[in-house]
Amino acid sequence: MKIALVGMGRMGKMIASCAEERGIEVAGTFLGDNIGDLEKLGKVDALIDFSSPAALHAVAAYIRRTGAALVCGTTGYSAEEAAEIRSLAECAPVILSANYSVGVAVLKHLSAEAAKLLGDDFDIEIVETHHRMKADAPSGTAKLLLRAIDPEGRRRTVYGREGMMKREGNEIGVHAVRGGTVAGVHTVSFFGPDEELSLTHRAESRRIFALGAIKAGERLKDRAPGWYTMDDLLFS
Ligand SMILES: NC(=O)C1=CN([C@@H]2O[C@H](COP(=O)(O)OP(=O)(O)OC[C@H]3O[C@@H](n4cnc5c(N)ncnc54)[C@H](OP(=O)(O)O)[C@@H]3O)[C@@H](O)[C@H]2O)C=CC1
Ligand SMILES: O=C(O)C1=N[C@H](C(=O)O)C[C@H](O)C1
């Protein structure tokens, strides 16, 4: 497989190192000051983007021009930017996931199921913890879990709490903790009368995300243009 990388920060470097271990050719690496060069890159099997929403314009142009598979792991997109990525599925196989670990793919289902089974009597809170350099909050994974737990937006989302604001029954609290070098921890808690159920995923390193993204590229590269999810690639 031949890939190219957008973003050569913590994740891009980890993906490059995992690609080398697996004998995967990296045809180009693009970051803030050379992203314009993506215009000159020929078709690769998969473009893997772990960068910033600011790269989207160049990435979208590349995918439209070549039809290469896109594995996008960048978080912090606006609704309009996410729609732009979705539109790329008309001309290429595309996956956009805030988390490429298999553990979070399972956590998503467990959390959705727990919310259904426990019902409205249980208060739901999502807490995510990441390293001090993370740019966006809350994490893309926290948003992904929120959508899975409450797909129709029946509950109000409350981001952090301060001051006089007693909890209401129909809300989901989302809290972002930042510090040190934490690779990523997500906990979904369900608090009922006299009991608590908490589900936690703990990333011990970025390797799980990097390997997950490479596997997604391997599975997508020969697929028809379309929109793919972690569920399509892992569980079907
Ligand atoms: N889906 C998943 O499983 C995971 C997703 N992520 C997400 O991946 C993204 C990157 O994370 P991380 O590697 O820690 O971040 P870093 O800050 O370490 O790296 C960001 C990289 O993006 C580059 N970049 C910034 N702006 C542009 C641009 N306009 N065009 C091209 N490249 C650009 C930076 O280059 P420069 O130095 O030139 O600015 C840098 O190389 C984040 O959104 C993060 O949330 C992270 C882990 C797992
Ligand atoms: O920026 C990170 O580091 C991570 N970002 C992703 C997110 O926003 O959910 C995934 C992972 O938790 C690490």
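Since we're looking at a predicted model, the values are computed, not measured.

1. A word on the UniProt feature "domain: Dihydrodipicolinate reductase N-terminal" (unreviewed entry) in the protein
Under the present numbering, the feature "domain: Dihydrodipicolinate reductase N-terminal" (unreviewed entry) in UniProt falls on residues 1-100. The annotated region residues 1-100 carries 32% helix and 23% strand content, and the separation between its end C-alpha atoms amounts to 19 Å.

2. A closer look at the domain arrangement of the protein
If you check the domain split of the protein, you get domain 1 (2-96 + 207-235) and domain 2 (102-203). The interface of domain 1 with domain 2 comprises eight residues on the first partner and 13 residues on the second. Buried area between domain 1 and domain 2, both sides added, is near 780 Å², and the carbon and sulfur share of it is 64%. Between domain 1 and domain 2 we count one salt bridge in total. Residue Asp231 is joined to Lys108 by a salt bridge in which the shortest nitrogen-to-oxygen separation is 3.4 Å.

3. Quick word on the pairing of strand E5 (residues 93-96)
The sheet contact formed by strand E4 (residues 69-72) and E5 spans three bridges and is parallel. Bridge pairing in E5 links Leu70 to Val94. Note on the crossover from E4 through helix H3 (residues 79-87) to E5: the handedness is right-handed. When E5 meets strand E11 (residues 226-228), the two strands line up parallel, connected through three bridges. The partner of Pro93 across the bridge, within E11, is Gly226.

Basis of the calculations
- Residues numbered from 1 in each chain as written.
- Chains lettered and ligands numbered in written order.
- Predicted model: local features only at pLDDT ≥ 70, side-chain atom pairs only at ≥ 80, totals over all residues.
- Heavy atoms only, no water.
- UniProt positions renumbered as here; feature names shortened; annotations may be inferred.
- Helix = DSSP H or I, 4+ residues; strand = E, 2+ residues; numbered from the N terminus.
- Domains from an automatic or database assignment.
- Contact = heavy atoms within 4.5 Å.
- Buried area = accessible area lost by both parts, 1.4 Å probe.
- Salt bridge = Lys/Arg side-chain N within 4 Å of Asp/Glu carboxyl O.
- Pairing = 2+ DSSP bridges.
- Right-handed = clockwise from strand over helix to strand, strands pointing away.

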